[in-house]
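Structural overview for review
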Amino acid sequence: MPAISFFTESVSYNLLQKLKIKKWIKATIEKEGYKLQELNFIFCSDEYLLGINQQYLNHDTYTDIITFDNSDEEKQIVSDIFISIERVKENAKTFKTSEFDEVCRIMIHGTLHLLGYKDKGKAAKTLMTQKEDEHLGYRVEVGLV
């Protein structure tokens, strides 16, 4: 049974409108021609995500998101996406947006990575941003905005 789940590690965070977010993320996956199996969003602290970055990616830097693609089959989504709530809050201030909009942007960014989109290089980053904006626009369809 396909599932999107939300967890926290080393932070207290309450994501609002979970059911609508699940519908929106699932619709994004289907619009891109993929099938959802299991997708876990883990909201965590900077330090927790730094530890994951060091342990699994050999990067000694803070980041807002790390996406692990655990799928065995093409076009199937099985993943864990770790999101630093501290980075989300800082990004929201930097980009003058709400924390909710920023967490949605980060969530869809990680999902788009699973759908084959990259963000290394100018052209790839431009396309990723366009796809983020496109799919953020679809939140209206589930009454999320």
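Just above sits the structure.
Calculation rules
- Residues numbered from 1 in each chain as written.
- Predicted model: local features only at pLDDT ≥ 70, side-chain atom pairs only at ≥ 80, totals over all residues.
- Heavy atoms only, no water.
- Helix = DSSP H or I, 4+ residues; strand = E, 2+ residues; numbered from the N terminus.
- Contact = heavy atoms within 4.5 Å.
- Phe/Tyr/Trp six-rings, centres within 6.5 Å; stacked < 30°, edge-to-face > 60°.
- Buried < 20%, exposed > 50% of the residue type's maximum accessible area, 1.4 Å probe, protein only.
- Lys NZ or Arg CZ within 6 Å of the ring centre and 35° of its normal.

What follows covers the side chain of Thr-111. Structurally, Thr-111 can be placed in helix 4 (residues 99–114). With near-sequence residues (within four places) excluded, Thr-111 lies in contact with Ile-25, Thr-28, Ile-29, Leu-39, Phe-41 and Ile-81.

With that settled, consider the packing of aromatic side chains. Under the defined criterion, the tally for this structure stands at 6 aromatic pairs. With centroids separated by 5.7 Å and ring planes inclined at 75°, the aromatic side chains of Tyr-56 and Phe-68 adopt a geometry described as edge-to-face. Here Tyr-56 is found in helix 2 (residues 46–57), whereas its partner Phe-68 is found in strand 3 (residues 65–69), with 12 residues between them in sequence. Under the relative-accessibility criterion, Tyr-56 is labelled exposed at 51%. Aromatic rings pair up to connect Phe-6, Tyr-13, Phe-41 and Phe-43 into one cluster. Taking the ring centre of Tyr-138 as reference, the NZ or CZ of Lys-31 above it sits at 3.4 Å.

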